[in-house]
Structure formats: structure tokens, C-alpha cells
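Notes for the structure review
Here is what each chain is made of, one letter per residue.
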Amino acid sequence: MLGVINGIVTALAMATFAGIVWWAWSAHRAEANRQAAMLPFALPEEYQNDKNTGESNE
């Protein structure tokens, strides 16, 4: 009986994982994924202000 429960839980976990992957790679998420991919390259707002005025904290 425990083997059947383990099999059902494993199948549910695999289906959940497949659903998350399908959702993450779906076409309507493309723009959000592109924006999220660019986040590490975004400058903090205070650095952009200093750069525009020529000031530096260094």
C-alpha cells in the first residue's frame, strides 16, 4: 500500500513540475522573462543620478 501512495505522490510531483515548466516557458511570460533576465544589469537609481550629474562618491 505504501508503494502505491509513493507512486501517486511521485506522479503528482512530476505533474506539478511539468506544469511549472510549461507556465514559465509559455509565450505570455516572454516579456516578463526578458525583464527579469535584465535585472542583474540594471543600475541602482542613485548611481544613475550621480552619473547624469557627473558627481561621484568614490
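Our subject in this report is the structure included herewith. (Residues numbered from 1 in each chain as written. Predicted model: local features only at pLDDT ≥ 70, side-chain atom pairs only at ≥ 80, totals over all residues. Heavy atoms only, no water.)

Summing up its helical and strand segments, the protein has three helices and zero strands in all. Burial status across the protein gives 3% buried among its 58 residues. Carbon and sulfur atoms make up 66% of the accessible area of the protein, which totals about 5500 Å². (Helix = DSSP H or I, 4+ residues; strand = E, 2+ residues; numbered from the N terminus. Buried < 20%, exposed > 50% of the residue type's maximum accessible area, 1.4 Å probe, protein only. Areas by Shrake-Rupley, 256 points an atom, 1.4 Å probe, with all protein chains shown as cover.)

On to a nonpolar patch on the surface, then. Side chains of Met1, Leu2, Val4, Ile5, Ile8, Val9 and Leu12 sit close together on the surface and give an oily, nonpolar patch of about 760 Å² of accessible area. In this structure, Met1 sits in the segment before helix H1 (2-24). A relative accessible area of 78% means that Met1 is categorised as exposed. (Patch = residues over 30% accessible without salt bridge, like charges linked within 9 Å, V, L, I, M, F, W, Y side chains within 5 Å. Salt bridge = Lys/Arg side-chain N within 4 Å of Asp/Glu carboxyl O.)

Attention now moves to the pattern of salt bridges. When their charged atoms lie close together, side chains carrying opposite charge are able to pair. One pass over the full model with this rule turns up one salt bridge. Across the salt bridge formed by Glu31 and Arg34, the nearest N and O atoms sit 2.9 Å from each other. Placement of the pair is Glu31 and Arg34 together in helix H2 (residues 30-38), with a separation of three residues, close to one helical turn. Owing to a relative accessible area of 46%, Arg34 belongs among the partly exposed residues under this scheme.

Topologically, Ser26 is positioned in the loop between H1 and H2. Here Ser26 falls in the buried class, since its relative accessible area comes to 12%. For Ser26, the side chain forms a polar contact with the main-chain oxygen of Trp23, separated by 2.8 Å. (Polar contact = N/O pair within 3.5 Å; in protein donor to acceptor, adjacent residues only side chain to side chain.)

Nothing here speaks to function; it is all geometry.
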